[in-house]
Amino acid sequence: MTESRPHNPTSDGSGLLLEAFDAQLFRETSETALAKLEKHLSDLSIRGLELIDPATLSDAAKALMTTERERVATFDEEKLAGIIDLYIRTGIQVHSPGYMGRQFSGVVPLAGVIDFVSSVVNQPASFYEAAQLPNAVERIMADELNRFIGWDPARFTMVTTSGGSLANLTALLAARNQKLPGYWSEGGSSFRGQPRPAIAVGSDVHYSVARAAGVMGIGDAQLVRLPLNSRGQISVADARPALEAAERQNLKVFCLVASAGSTSVGAFDPIDELADLAREKDLWLHVDGAHGASLLVSDTLREKLRGIDKADSLTWDAHKMMFVPAPCTMLFYRDKESSLTAFRQKASYVFDEEPDIYTAYDSGGKNFECTKRPMIMTLWSLWAMYGPALFAEKIEYLCQLTEEAHGIVRAEPDFEALHRPEANILCFRYHPAGVRKEDVHRLQIAIRNSVKLRGNFFISKVNVDGVAALRVVMMNHQITGEHFRMLISEIRRTGQDLLSSEAGTETA
Ligand SMILES: Cc1ncc(COP(=O)(O)O)c(C=O)c1O
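Note that this is a predicted model, so its numbers are computed, not measured. (Residues numbered from 1 in each chain as written. Predicted model: local features only at pLDDT ≥ 70, side-chain atom pairs only at ≥ 80, totals over all residues. Heavy atoms only, no water.)

Asker: Account for the pairing of strand S7 (residues 329-333), naming residues and giving values.
Answerer: Among the five residues in S7, five count as buried, and that is most of the element. Neither face of S7 is exposed, since Thr 329, Leu 331 and Tyr 333 on one face and Met 330 and Phe 332 on the opposite face are all buried. Where strand S1 (residues 157-161) lies against S7, five bridges are found, and the strand directions are antiparallel. Among the inter-strand pairings, Thr 161 is bridged to a residue of S7, identified as Thr 329. (Buried < 20%, exposed > 50% of the residue type's maximum accessible area, 1.4 Å probe, protein only. Helix = DSSP H or I, 4+ residues; strand = E, 2+ residues; numbered from the N terminus. Pairing = 2+ DSSP bridges.)

See the structure below:
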């Protein structure tokens, strides 16, 4: 047999493989990107979305691809510039005052810089030996933020997960495995004949909670949907009878999920009272604070989460109201032992049965992901550089701005404010006199879509009490009340155009 030596593609003379990894080229391409991003960040013009049809966009993307298939293609600076330009231009413009649409935020630019470093050093964060600093600062950040939660510093713990949806799933698994011992090892069928496991949620809970339940084999019929009061919060008075009715239906509710900042209207459930109810009924209390847990860092807004110290777990998305790139989610547990119950597994290649001082910092046993971004680095770096006031000041401004927007809506006779905002989400309708009740729903959806297509503002929509509403989420401190007035004028103009073109078709 002739000995075959591995072919080294760098020795064939082209050097193009080496060039792709070249540090000098890295610097030059970074400078190209930086110049473009600086321009992007400096552009404070009011713009929404430039919505392009997917086929056209795909063609534009294909035109930027090399046709070389045999060898590593020669680096093309113009192509790179084209890719970056197309990427920047076609997304939601999170840094523009025209963006009021979703909970996705414009980032503190420094967080983008640290994310860039993370991408280059590429340290998977589930294991200390692979990502030492991220694992060390995860504990530092946990301690910093727990000062606002108020749990026993010696007992609580935090783990990062790739998004709030995954954090909710992880917390529900921990809750189920703790309240229904044997479920993880024996499976659901061993519980046959016993009351079926169930989760109690507010009736407009984020879909990720219902989805997590589905993943765990808990069907829709096993979700006990608790009624809301007029402010969109779980009604404590109605929760007790609903839980008791569930028991009579042979359901074993093991967990109650409260929202700290509901997605639809930004309502904060009364955690304090719900915690008492949960304790009385021996339920795990999970607080989904994906949106609103960040209000804890503000002295004036913390009160919205009163009772959080009595919860068992808390989901907290930093990629929403802490203005870092997604994903960056923290899942807090009041009792660190509980964090080990979500996944009860052995895997000798990664988990040490007897942790040493290094592996004690691993989070692999506590989170779903094996490879995980070192997401805490962005948050910690901002905290390290600017301190908590950076977040508190911005959040307070956003909440005040939303309150101002509410006042503006209320002052317009052809608009209807649907709630007093509790944070930075406001829902309202354009409802001029003469529009029939049954047409209001369709009108809001048509307005939202037309505003989106016009491309000056980006807003969202949500059903409130079964009827569509326009929804703004204030995530950008560059937005002022004046910008919101401009949005209101645009909505009115759009609404009037739609109504008159409809009247035109009816009479034609
Ligand atoms: C209340 C709430 N929970 C969970 C989520 C899901 O979080 P993520 O998008 O980080 O998965 C969201 C997202 O909007 C949310 O508003």
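There's plenty left to go through after this.
Asker: I'd like a description of the domain arrangement of the protein, backed by residues and values.
Answerer: As far as domains go, the protein holds domain 1 (24-50 + 91-122 + 388-508) and domain 2 (124-386). Using only C-alpha atoms to locate each centre, domain 1 and domain 2 end up separated by 29 Å. Counting residues at the interface gives 34 residues for domain 1 and 37 residues for domain 2. Taken together, the two surfaces of domain 1 and domain 2 that pack against each other cover about 3100 Å², and 68% of this comes from carbon and sulfur. For Asp 115, the salt bridge identified is with Arg 373, shortest N-O distance 3.0 Å. Joining domain 1 to domain 2, the criterion identifies 12 residue pairs in polar contact (both at pLDDT 80 or more). Those elements that place two or more of their residues in the side of domain 1 that touches domain 2 are helix H5 (109-121), helix H15 (389-410), strand S9 (425-430), strand S10 (460-464) and strand S11 (467-473). When residues in the side of domain 1 that touches domain 2 are grouped by element, the largest group, eight residues, is from H15. Tallied by class, the residues present in the side of domain 1 that touches domain 2 amount to 20 nonpolar, nine polar and five charged. (Domains from an automatic or database assignment. Contact = heavy atoms within 4.5 Å. Buried area = accessible area lost by both parts, 1.4 Å probe. Salt bridge = Lys/Arg side-chain N within 4 Å of Asp/Glu carboxyl O. Polar contact = N/O pair within 3.5 Å; in protein donor to acceptor, adjacent residues only side chain to side chain. Nonpolar A, V, L, I, M, F, W, Y, C, P; charged D, E, K, R; others polar.)

Asker: Run through the site of the ligand, naming residues and quoting values.
Answerer: Residues in close proximity to the ligand total 14 residues, the closest being Gly 164, Ser 165, Thr 263, Asp 288 and Asp 317. The contact in question runs from an oxygen atom of the ligand to an N or O atom on the side chain of His 319, over 2.9 Å. Lys 320 places a polar side-chain atom, nitrogen or oxygen, 3.2 Å from an oxygen atom of the ligand. Burial of the ligand by the protein chains amounts to 85% of its free accessible area of 390 Å². When contributions to the shell around the ligand are tallied by element, the ones reaching two or more residues are helix H7 (164-179) and helix H12 (318-321). Examining the composition of the shell around the ligand, we find that three residues originate from one element, H7, more than from any other. Its residues assigned to classes, the shell around the ligand shows one nonpolar, 10 polar and three charged. (Near = heavy atom within 4 Å. Areas by Shrake-Rupley, 256 points an atom, 1.4 Å probe, with all protein chains shown as cover.)

Asker: Describe the pattern of salt bridges, with residues and values.
Answerer: Under the criterion given, the structure shown has 31 salt bridges. We note a salt bridge from Arg 485 to Glu 482, for which the minimum N-O separation is 3.7 Å. With Arg 485 and Glu 482 both in helix H17 (residues 481-507), this residue pair falls three residues apart, about one helical turn. We note a salt bridge from Glu 490 to Arg 493, for which the minimum N-O separation is 3.7 Å. Of the two residues, Glu 490 and Arg 493 are both situated in helix H17; the distance of three residues between them amounts to about one turn of the helix. In this structure Arg 493 comes out as partly exposed when scored by relative accessible area, which is 43%. Residues joined in a network through salt bridges with shared partners are Asp 272, Asp 276, Glu 303, Arg 306 and Lys 310.

Asker: Break down the packing of helix H10 (residues 236-248) against helix H11 (residues 271-280) for me, with residues and values.
Answerer: For the pair H10 and H11, interaxial distance at closest approach is 10 Å and the crossing angle is 20°. The angle between H10 and H11 falls in the class roughly parallel. Here H10 and H11 pass one another in a crossing that is right-handed. Contacts from Val 236, Ala 239, Arg 240 and Leu 243 in H10 reach Glu 273, Leu 274, Leu 277 and Glu 280 in H11. Tallied by class, residues from the contact of H10 with H11 come to five nonpolar, no polar and three charged. (Axes fitted to C-alpha atoms, helices over the stretch in contact; angles between N-to-C directions. Parallel < 35°, antiparallel > 145°, perpendicular 65-115°, else oblique. Left-handed = near helix turned anticlockwise from the far one by under 90°.)

Asker: For the environment of Asp 43, give the residues involved together with the corresponding values.
Answerer: Residue placement: Asp 43 occurs in the loop between helix H2 (23-42) and helix H3 (54-63). Among the residues examined, Asp 43 registers a relative accessible area of 31% and is labelled partly exposed. C-alpha separation for the pair Asp 43 and His 95, spaced 52 residues apart in sequence, amounts to 8.4 Å.

Asker: Would you mind going over unusual backbone geometry in detail, with residue names and values included?
Answerer: Omega for the peptide link from Ala 326 to Pro 327 comes to -10°, which places this bond in the cis form. As for its placement among the helices and strands, Pro 327 is situated in the loop between H12 and S7. Non-glycine residue Phe 323 carries a positive phi angle of around 60°. Along the polypeptide, Phe 323 turns up in the loop between H12 and S7. At Asp 465, a residue that is not glycine, the phi angle is positive and equals roughly 50°. Considering the arrangement of structural elements, one finds Asp 465 in the loop between S10 and S11. The class of Asp 465 is exposed, set by a relative accessible area of 79%.

Asker: Mind laying out the packing of aromatic side chains, listing which residues take part and the relevant values?
Answerer: Applying the stated criterion across every chain, the model contains 15 aromatic pairs. Between Trp 184 and Phe 343, the aromatic rings sit 6.2 Å apart at their centres with planes inclined by 80°, giving edge-to-face as the arrangement. With Trp 184 in helix H8 (residues 183-186) and Phe 343 in the loop between helix H13 (336-339) and helix H14 (376-386), this residue pair connects regions lying 159 residues apart in the sequence. Given a relative accessible area of 30%, Trp 184 falls into the partly exposed group. For Phe 343, a relative accessible area of 9% gives the class buried. Pairwise contacts between aromatic rings join Phe 415, Phe 428, Tyr 430 and Phe 484 into one cluster. The positively charged end of Arg 147 is found above the aromatic ring belonging to Phe 148, 5.8 Å away from the centroid. (Phe/Tyr/Trp six-rings, centres within 6.5 Å; stacked < 30°, edge-to-face > 60°. Lys NZ or Arg CZ within 6 Å of the ring centre and 35° of its normal.)

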